[in-house]
Amino acid sequence: MAVLLAGTAAAPAAQADTIIPFTDWHVGGSLGVKKLHQRIQLPAASRFNGNANLTQGTISGSTTIPDFTTTVRVLVVPTEVALSVREVAPTTGTLSLNPDGTVTTDVTVKSDLRIRRLRLGLLSVPAGANCHT
């Protein structure tokens, strides 16, 4: 007696990645102004929206920093600077879970920084469209 078994064997189902969404997460930190040897604090309304893929150890999304005004010292003179920071590429990076339960991230945010106005005392100077880095 012969028995013929026909059919297909299904591969085991792939386990889905563990994704954590980030919606309007607060972004803190500062921008380094190398030539002035100063740091500029990001405004409190700075936000990140995106996802962390815990399975792959990646993070991606977009960062939004509202226009803001701060004071820097130019040749020891306090100078008010109005700034715009615009993301020019998606925010990307890696993350890893540490043995103590904390997470370490290494994230790159590529942005264009534009100086909109400088104010030195009562003198206010519009910077123009080409004053950016």
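Everything numeric here is computed off the predicted structure, so don't read it as measured data. (Residues numbered from 1 in each chain as written. Predicted model: local features only at pLDDT ≥ 70, side-chain atom pairs only at ≥ 80, totals over all residues. Heavy atoms only, no water.)

### Re the overall build of the protein
Point 1. Within the protein one finds 0 helices and 10 strands.
Point 2. Counting helices and strands in the order they occur from the N terminus, the protein gives β-β-β-β-β-β-β-β-β-β.
Point 3. For the protein, the proportion of its 133 residues judged to be buried stands at 21%.
Point 4. For the protein, the computed accessible surface area is about 9700 Å², with 60% contributed by carbon and sulfur atoms. (Helix = DSSP H or I, 4+ residues; strand = E, 2+ residues; numbered from the N terminus. Buried < 20%, exposed > 50% of the residue type's maximum accessible area, 1.4 Å probe, protein only. Areas by Shrake-Rupley, 256 points an atom, 1.4 Å probe, with all protein chains shown as cover.)

### Overview of the confidence of the model for the protein
Parts of the prediction with low pLDDT should not have their coordinates interpreted in detail.
Point 1. Here the protein averages 83 in pLDDT, while 86% of its residues score no lower than 70.
Point 2. Within the protein, strand β4 (residues 47–53) carries the highest mean pLDDT (94), whereas strand β10 (residues 123–126) carries the lowest (75).
Point 3. Confidence drops under a pLDDT of 50 for residues 1–9, and excluding neighbours within four residues, the segment shows 0 contacts in the predicted structure. (pLDDT = per-residue confidence, 0-100. Contact = heavy atoms within 4.5 Å.)

### Concerning the packing of aromatic side chains
A ring pair, where both rings are aromatic, is described by two values, the distance of the centres and the angle of the planes.
Point 1. Taken as a whole, this structure holds 2 aromatic pairs when the rule is applied.
Point 2. With centroids separated by 4.7 Å and ring planes inclined at 80°, the aromatic side chains of Phe-22 and Trp-25 adopt a geometry described as edge-to-face.
Point 3. Three or more aromatic residues joined by ring pairs form one cluster here, namely Phe-22, Trp-25 and Phe-48. (Phe/Tyr/Trp six-rings, centres within 6.5 Å; stacked < 30°, edge-to-face > 60°.)

### Regarding the side chain of Gln-38
Point 1. The topology assignment puts Gln-38 in strand β3 (residues 38–41).
Point 2. Among the residues examined, Gln-38 registers a relative accessible area of 18% and is labelled buried.
Point 3. Of note is the side chain of Gln-38, whose polar atom sits 2.6 Å from the backbone oxygen of Arg-73.
Point 4. Residues in contact with Gln-38, not counting those within four places in the same chain, are Leu-31, Gly-32, Val-33, Val-72 and Arg-73. (Polar contact = N/O pair within 3.5 Å; in protein donor to acceptor, adjacent residues only side chain to side chain.)

### Topic: the layout of surface pockets
Point 1. Estimated volume of the largest pocket: approximately 950 Å³.
Point 2. If you go around the largest pocket, you meet 42 residues; those closest to its centre are Ser-30, Leu-31, Leu-42, Ile-65 and Val-85.
Point 3. At the level of secondary structure, the elements contributing two or more residues to the lining of the largest pocket comprise β1 (19–26), β2 (30–33), β4, β5 (58–74), β6 (77–87), β7 (91–97), β8 (103–108) and β9 (111–120).
Point 4. Of the residues in the lining of the largest pocket, the class split is 27 nonpolar, 12 polar and 3 charged. (1 Å grid on protein atoms, 1.4 Å probe; cavity = no way out; pocket = protein on both sides within 12 Å on 5 of 7 lines; lining within 4 Å. Points joined across faces, edges and corners; volume = space filled by probe spheres on them. Nonpolar A, V, L, I, M, F, W, Y, C, P; charged D, E, K, R; others polar.)

### Focus: the pattern of salt bridges
Point 1. Evaluated as defined, the whole model comprises 4 salt bridges.
Point 2. A salt bridge links Glu-80 to Arg-117, with the nearest nitrogen and oxygen atoms 3.0 Å apart. Of the two residues, Glu-80 sits in strand β6 while Arg-117 sits in strand β9, which places them 37 residues apart along the sequence.
Point 3. The exposure class assigned to Arg-117 is partly exposed, which follows from its relative accessible area of 23%.
Point 4. One connected set of salt bridges, linked through shared partners, spans Asp-67, Arg-86 and Arg-116. (Salt bridge = Lys/Arg side-chain N within 4 Å of Asp/Glu carboxyl O.)

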